[in-house]
Each structure stands twice: as structure tokens, then as C-alpha cells.
Amino acid sequence: MNENLKTSQAGLDLIAKWEGVILHPYVCPAGKKTVGYGHVIKPSDAFTFPLSEYDATDLLIEDIDD
């Protein structure tokens, strides 16, 4: 992975627009428990629901960084 690559704000906005946000847990088409902008919930995740849009955006940024 190239650590010098970054997603611009325009890129984040595009992903958010097409992914959509759901602030409570749901099962995605792949059968995974998911929240926010497509964040797959891990056993170590601890959230209070509903998420705020701020927290959902933070998760999106973390997922992209991974």
C-alpha cells in the first residue's frame, strides 16, 4: 500500500453519496452486520446507536485509511 495516497474531501463526499448512511446496525447484502457508510461491525467495536453522522464519517475515514 502506498502511504502517500490520500482520499480528498471530494472523494469522501462521492463515496458517502453513493454508499449512503444508516446510523443503526443492519445486515448488508453480503450478510454482514454493518453501520454507517458500509462499516462492517467487528467484535471489538463498541458503539452506541444510533451513531451520529460525525461518528459515521469518522468510521468511513478510518475504513479508507485501512
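Note: the structure precedes this text.
My aim in this report is to walk through the structure given alongside it, one point at a time. (Residues numbered from 1 in each chain as written. Predicted model: local features only at pLDDT ≥ 70, side-chain atom pairs only at ≥ 80, totals over all residues. Heavy atoms only, no water.)

### Thoughts on the pairing of strand β2 (residues 33-36)
The side chains of a regular strand alternate, first on one face of the sheet and then on the other. Definition in use: What makes two strands pair is DSSP finding at least two bridges between them. Under the scheme used here, helices are H or I runs from DSSP no shorter than 4 residues and strands are E runs no shorter than 2 residues, and both carry numbers assigned from the N terminus.
Across 3 bridges, the pairing between strand β1 (residues 22-27) and β2 is antiparallel. Within the sheet, the bridge partner assigned to Tyr26 lies in β2 and is Thr34. Joining the antiparallel neighbours β1 and β2 is a turn of 5 residues, in which Gly31 adopts a positive phi near 85°. One ladder, built from 2 bridges, connects β2 with strand β3 (residues 39-40); its direction is antiparallel. Each bridged residue has a counterpart across the sheet, and for Thr34 the counterpart in β3 is Val40. The antiparallel hairpin formed by β2 and β3 contains 2 residues in its connecting segment, where Gly38 sits at a positive phi of about 85°.

### Things to note about the packing of helix α1 (residues 9-19) against helix α2 (residues 53-65)
In a pair of packed helices, the angle between the axes and the distance between the axes together describe the arrangement. For the record, the criterion: Interaxial angle, 0 to 180 degrees, is taken between N-to-C directions of lines fitted to C-alpha atoms, where a helix line uses only the stretch in contact. Should an angle lie under 35 degrees it is considered roughly parallel, over 145 roughly antiparallel, and from 65 to 115 roughly perpendicular; all remaining angles are considered oblique. For any pair of crossing helices, the crossing counts as left-handed if the nearer helix is rotated counterclockwise from the farther one by less than a right angle, and right-handed if it is rotated clockwise. Here, residues are in contact when the closest pair of their heavy atoms is within 4.5 Å. For this scheme, ten residues count as nonpolar: Ala, Val, Leu, Ile, Met, Phe, Trp, Tyr, Cys and Pro. Four count as charged, namely Asp, Glu, Lys and Arg, and the remainder, Gly too, count as polar.
In contact at an axis separation of 11 Å, α1 and α2 are set at 110° when each is read in the N-to-C sense. Here α1 lies roughly perpendicular to α2, going by the angle between them. Crossing handedness for the pair α1 and α2: right-handed. Of the residues in α2, those in contact with Leu12, Ile15 and Ala16 of α1 are Leu60, Ile61 and Ile64. In terms of residue class, the contact of α1 with α2 is made up of 6 nonpolar, no polar and no charged.

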